[in-house]
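What the coordinates show
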Amino acid sequence: MALNEEQLIAMYRALAGSRSAEHEITELNKQGVLSGHHSGLGHEAIGVGVGFAVRPDDCVQMSHRSGMMLAHARGGYSLSDAVLSQFGQAPSHYAQTEGGPRTCSIVGLVGTWVPMSVGIAMADRFRGKDTVTVTFFGDGAANEGAVHEAMNLAGTRRLPIVFVIENNGFAVSMPTSEATAAEDFASRAAGYGMPGVTVDGHDALAVYEVATQALARARAGRGPTLVEAVITRWEPHAQGIADLRSAEEMAEARIRDGAQILRAALIERGLLDEAAAAAIQAQIDEEIRAACEQGQSTKHASAEPAPMTPEAAAALTYA
Amino acid sequence: MADQNNKPRQLTYVMAINEAIRTVMQEQPNAFAAGEDIGGAGGVYGYYNGIQEQFGTDRVYDTPISEKGIVGLGVGAAATGCRPILDLMFIDFMGECMDEVANQLAKMRYMFGGSATLPVTLLTMAGAGASLAAQHSQSLEAWLCHLPGLKVVMAATPADAKGLIIAAARDDNPVIVIMMKTLLALNGEVPEDSYATPIGKANIVRPGENYTIVTWGRMVHEAITAAEQLARSGLDAEVIDARSLQPFDTETVIASVRKTHRAMVAHEAVRYGGLGGEVAAQIQELAFDDLDAPVARVGAPFAPVPFSPVLESAYVPNAETIVAEVRSQLRIEG
């Protein structure tokens, strides 16, 4: 299912926009205006590529890196929402909005949500739906036992699910080369009786292609696929956590740039020129600038939310 | 249904569990079961006998050995509108899936702002007495009762095994139903119709006037035997089967203590850090002035369950342990 000209431009708009929003949020964290961000710089093409391949009724289990780009690419989640959510003034991209694309939030413990994704895929098939569940996790989470159990269960039941590993080369500080003796993660798929595909995670079109095939396979009842999207992590694991890489290595990580790659591809196909790209960028910059201004101007107004009473917490705990 | 002699129907504990699962599967089209060996093998205890045959492999998922996977898929499927009945062969395997139980199953509703509903029923088997050694004999209910978001019940009779499983399956919260492996062959009256034993309500199984024994699981039967022995010393003990450990029926316990003025909590689990400490604390907080003696506690020694049958029988608390503890508490001679 090839994307048409209009969709390709929309993909570029989503990718360039995600990059800019992510860049701005990361910078505001460095300045101390915002806090707690796990930067997704370098991950954008994965979220955008998969976001254009899934249907709105497919369930996507978000990750903390590419979730925002994915929500933006699927529609209904603007760059302004992305920025304002960081100021606590818009629902985060993890939130399921009424009528919006179907998502499941991340939970705080990496890898633990992968068995839950399998349950979602199982429930959908149980209820006769033709939807597919796509679940994202990192190279670090891939070494968790729960992920192994989840992939094995999905393989035995040929469930409609796509596992996407965002391999950015580091689990906090642990390099992938020290975390696994295997050459790659995709080859693990053989152990679960499913195809494993490695894709350049900086190439949105390649990610889109691989995701489309995996989704079609799952929808046709032929079972799960393991997709390993290989990228470089541009930033430290999270703001405030030291990165052991040298300045040269950090600079090298930024050479592969998803936004540049897609822009070059579209220019080569004659779908985009420098002026059009600049015009798109100007719109993006303006939207983000306005959102930052709104976020900063009202940031402190709601800095101290009313404390939750024990009774209210208890009421949330049980149905 | 009564038979020709008008005697209520008797059923074993294991068959009561079987009947409960069948009832739930019939009543709830979105219910499915997942667990190890629950297919053709009928489960290692036999309570899944014939169930996969009746409901098919889509609704009775015989899984690989994957406790994290089983509980995790239950959380995901429940959040998506199914009503999973999960099977954890031994409560000792809780360690394999504790993240999914403690951090996902228990907290997901709270963390999603109340928007997720998790009607998960988790069946598991506890208790010593079968010489299954340190890793297959534990009573770990205290681990689970410490986790906001879970409900925990424990069945002491065939009737409650059926009623509590049906109640758990009808509940929109995660409910862990702890069953006792040494009670599997126990026979008892079990109504044939579909009924729910209320969660959060204790059962006074032996009314008494001047002593209260709060207990649960297999120890309910030991407490009844102990009460008969104590009757010879002039004590008329009320035995309360707590049944529901989370939420706990404090009201029934306190009402009893206000009447009897002396109390004990008895459980098979290790005494130190056991749920008995919580119950004793509740009694002294709410009925201190009514107490004529400190609240006694009976539980297993602070050691793993032994394999040797001789050591195991010395380790597991029973009616004699209860009687001895009451005599010591009340300074009854002889």
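Note that the structure is a prediction, hence the values are computed from the model and not measured. In this numbering scheme, every chain counts its residues from 1 along its sequence in written order. The order in which chains are written sets their letters, starting at A; the order in which ligands are written sets their numbers, starting at 1. Only residues with pLDDT of 70 or above have their local features reported here, since the model is predicted, and side-chain atom pairs are shown and tallied only from 80 upward, although totals for entire chains, interfaces and linings are computed over all residues. With hydrogens and water excluded, all non-hydrogen atoms of the structure serve as input to the side-chain values.

**Concerning a nonpolar patch on the surface**
Side chains of Met 308 of chain A together with Tyr 110 and Met 111 of chain B sit close together on the surface and give an oily, nonpolar patch of about 300 Å² of accessible area. Numbering of helices and strands runs from the N terminus, with a helix taken as a DSSP run of H or I at least four residues long and a strand as a DSSP run of E at least two residues long. Mapped onto the fold, Met 308 of chain A is located in the loop between helix 11 (274-297) and helix 12 (310-317). Partly exposed residues are those whose accessible area sits between 20% and 50% of the maximum for their type, while under 20% is buried and over 50% is exposed, using a 1.4 Å probe and protein chains only. Residue class for Met 308 of chain A comes out partly exposed when judged on its relative accessible area of 45%. Think of a patch as exposed residues, more than 30% relative accessible area, with no salt bridge, where like charges cluster within 9 Å and nonpolar side chains (Val, Leu, Ile, Met, Phe, Trp, Tyr) cluster within 5 Å. Accessible surface is estimated by sampling points in the Shrake-Rupley manner with a 1.4 Å probe; for residues, cover comes only from the protein chains shown. A pairing counts as a salt bridge when a side-chain nitrogen of Lys or Arg comes within 4 Å of a carboxyl oxygen of Asp or Glu.

**Comments concerning the interface of chain B and chain A**
For this analysis, residues touch if any pair of their heavy atoms sits within 4.5 Å. Counting residues at the interface gives 41 residues for chain B, matched by 29 residues for chain A. Note: buried area is the sum, over both parts, of the accessible area (probe 1.4 Å) each one loses when the two are combined. Carbon and sulfur atoms make up 66% of the surface buried where chain B meets chain A, a total of about 2,800 Å² over both sides. It is Tyr 61, Thr 80 and Tyr 110 of chain B that lose the most area in chain B upon contact with chain A, and together they represent 22% of the buried surface on that side. Counting across the interface, chain B meets chain A through one salt bridge. Counted as a polar contact is a pair of N or O atoms within 3.5 Å, where, for protein atoms, one must be capable of donating a hydrogen and the other of accepting one, and residues adjacent in sequence contribute only when both atoms are in side chains. Connecting chain B to chain A are 11 residue pairs in polar contact (both at pLDDT 80 or more). Elements with a contribution of two residues or more to the side of chain B that touches chain A: strand 2 (31-36), strand 3 (60-63), helix 3 (67-79), helix 4 (94-105) and helix 5 (108-111) of chain B. With nine residues, the top contributor of residues to the side of chain B that touches chain A is helix 3 of chain B. Across the side of chain B that touches chain A, the residue classes break down as 16 nonpolar, 16 polar and nine charged. Residues are grouped as follows: Ala, Val, Leu, Ile, Met, Phe, Trp, Tyr, Cys and Pro are nonpolar; Asp, Glu, Lys and Arg are charged; all remaining types, including Gly, are polar.

**Quick notes on the pairing of strand 5 (residues 121-126) of chain B**
Residue and element names in this part refer to chain B. Burial analysis of strand 5 places six of its six residues in the buried class, the great majority of the element. Burial of strand 5 is two-sided: the residues Thr 121, Leu 123 and Met 125 facing one way and the residues Leu 122, Thr 124 and Ala 126 facing the other way are all buried. Note: strand 4 (residues 83-88) against strand 5, four bridges, orientation parallel. The residue of strand 5 that forms the bridge with Asp 87 is Leu 123. With six bridges connecting them, strand 5 and strand 7 (residues 175-180) associate as parallel partners. Of the residues in strand 7, the one forming a bridge with Thr 121 is Val 175. Paired strands are those between which DSSP finds at least two bridges.

**Brief notes about helix 3 (residues 67-74) of chain A**
Owing to its 3.6 residues per turn, the α-helix aligns residues three or four sequence positions apart on the same side. Residues and elements named next belong to chain A. Judged by how many residues are buried, helix 3 sits mostly within the fold: eight of eight residues are covered. Those residues of helix 3 lying buried are Gly 67, Met 68, Met 69, Leu 70, Ala 71, His 72, Ala 73 and Arg 74. Against the buried residues of helix 3 lie helix 1 (5-30), helix 2 (44-53), strand 1 (59-61), helix 4 (79-86), strand 2 (103-104) and strand 3 (133-138).

**Examining the domain arrangement of chain B**
Residue and element names in this part refer to chain B. Residue ranges assigned to each domain were obtained from an automatic or database domain assignment. You can read the domains of chain B as domain 1 (10-189) and domain 2 (203-330). Listed per partner, the contact involves 26 residues of domain 1 and 25 residues of domain 2. Three residues stand out in domain 1 for area buried against domain 2, namely Ser 131, Cys 145 and Met 154, and they jointly supply 24% of the buried area on that side. In this assembly, domain 1 and domain 2 are joined by one salt bridge. Among the salt bridges present, the one from Asp 160 reaches Arg 243, with a minimum N-O distance of 3.3 Å.

**Side note on the sheet that holds strand 8 (residues 225-230) of chain A**
By definition, the strands of a sheet pair up through backbone hydrogen bonds, in either a parallel or an antiparallel sense. Residue and element names in this part refer to chain A. Across the sheet, which stays open at both edges, the six strands sit in the order 2-1-3-4-8-7 with parallel pairing between neighbours. Looking at strand neighbours, the two that pair on one side only are strand 2 and strand 7 (196-200), the edges of this open sheet. When strand 1 meets strand 3, the two strands line up parallel, connected through three bridges. Across the sheet, Gln 61 pairs through a bridge with Thr 135, a residue of strand 3. The strands that helix 2 touches are strand 3, strand 4 (161-167) and strand 8; relative to strand 3, the one it contacts most, it runs at about 175 degrees. Contacts from helix 8 (residues 204-219) reach strand 3, strand 4, strand 7 and strand 8 within the one sheet, and its direction differs from that of strand 7 by about 160 degrees. Axes, fitted as lines to C-alpha atoms, cover a helix only where it is in contact. Angles between the N-to-C directions of the axes lie from 0 to 180 degrees.

**Focus on helix 10 (residues 258-268) of chain A**
All names here are of chain A. Among the residues making up helix 10, those that are buried are Gly 258, Ala 259, Leu 262 and Leu 266. One side of helix 10 carries all its buried residues, which in axial view fall inside an arc of 100 degrees. Turning to helix 10, the residues buried within the fold contact helix 1, helix 2 and helix 8. Of the residues flanking the start of helix 10, the one acting as N-cap is Asp 257, its side-chain oxygen 2.9 Å from the backbone nitrogen of Ala 259. By definition, the arc is the one covered by directions from the helix axis to the C-beta atoms.

**Thoughts on the side chain of Asp 124 of chain A**
By the secondary structure assignment, Asp 124 of chain A is in helix 5 (residues 113-126). Separated by 2.8 Å, the side chains of Asp 124 of chain A and Arg 102 of chain A make a polar contact. Among the polar contacts listed, one links the side chain of Asp 124 of chain A to the side chain of Thr 131 of chain A, at a separation of 2.6 Å. Excluding its chain neighbours within four sequence positions, the residues that come into contact with Asp 124 of chain A are Arg 102, Lys 129, Thr 131 and Thr 133 of chain A together with Thr 80 of chain B.

**Digging into the layout of surface pockets**
Definitions used throughout: a 1 Å grid over protein atoms alone; a cavity as a set of points that fits a 1.4 Å probe which cannot get out; a pocket as an open set with protein on both sides within 12 Å along at least five of seven lines; a lining residue as one with an atom within 4 Å of a point. Grid points are joined across faces, edges and corners, and a volume is the space filled by probe spheres set on the points. Roughly 590 Å³ of internal volume is contained in the largest pocket. If you trace the largest pocket, you find 26 residues lining it, with Thr 103 and Cys 104 of chain A together with Phe 112, Ser 115 and Ala 116 of chain B closest to the centre. Taken together, the residues of the lining of the largest pocket sort by class into 14 nonpolar, nine polar and three charged. Estimates place the volume of the second largest pocket at around 310 Å³. If you go around the second largest pocket, you meet 20 residues; those closest to its centre are Gln 138, Ser 139, Leu 140, Ala 269 and Val 270 of chain B. Those elements that provide at least two residues to the lining of the second largest pocket are helix 6 (141-145) and strand 13 (263-270) of chain B. A per-element tally of the lining of the second largest pocket places strand 13 of chain B first, with three residues. Broken down by class, the residue content of the lining of the second largest pocket amounts to 14 nonpolar, five polar and one charged. The residues that make up the lining of the second largest pocket include at least three from each of domain 1 (10-189) and domain 2 (203-330) of chain B.

**With respect to the pairing of strand 4 of chain B**
Within a regular beta strand, the side chains point alternately toward one face of the sheet and then the other, so they alternate between its two faces. Residue and element names in this part refer to chain B. The buried count for strand 4 comes to six of six residues, which makes it a mostly enclosed element. Here strand 4 shows a buried face lined by Arg 83, Ile 85 and Asp 87 and a second buried face lined by Pro 84, Leu 86 and Leu 88. Pairing between strand 2 and strand 4: five bridges, direction parallel. Bridge pairing in strand 4 places Ala 31 opposite Arg 83.

**A closer look at empty space enclosed by the protein**
Residues and elements named next belong to chain A. Considering all chains together, one arrives at four cavities of 30 Å³ or more under this definition. There is about 70 Å³ of room inside the largest cavity. Elements that contribute at least two residues to the lining of the largest cavity include exactly strand 4, helix 8 and strand 8. At four residues, the largest contribution of residues to the lining of the largest cavity is made by helix 8. In terms of residue class, the lining of the largest cavity is made up of 12 nonpolar, no polar and no charged.

**Description of the environment of Ala 33 of chain B**
Residue and element names in this part refer to chain B. Position of Ala 33 among the secondary structure elements: in strand 2. Using a relative accessible area of 0% as the deciding quantity, one classes Ala 33 as buried. Put simply, Ala 33 and Asp 62 are 29 residues apart on the chain and 8.3 Å apart in space, counted from C-alpha to C-alpha.

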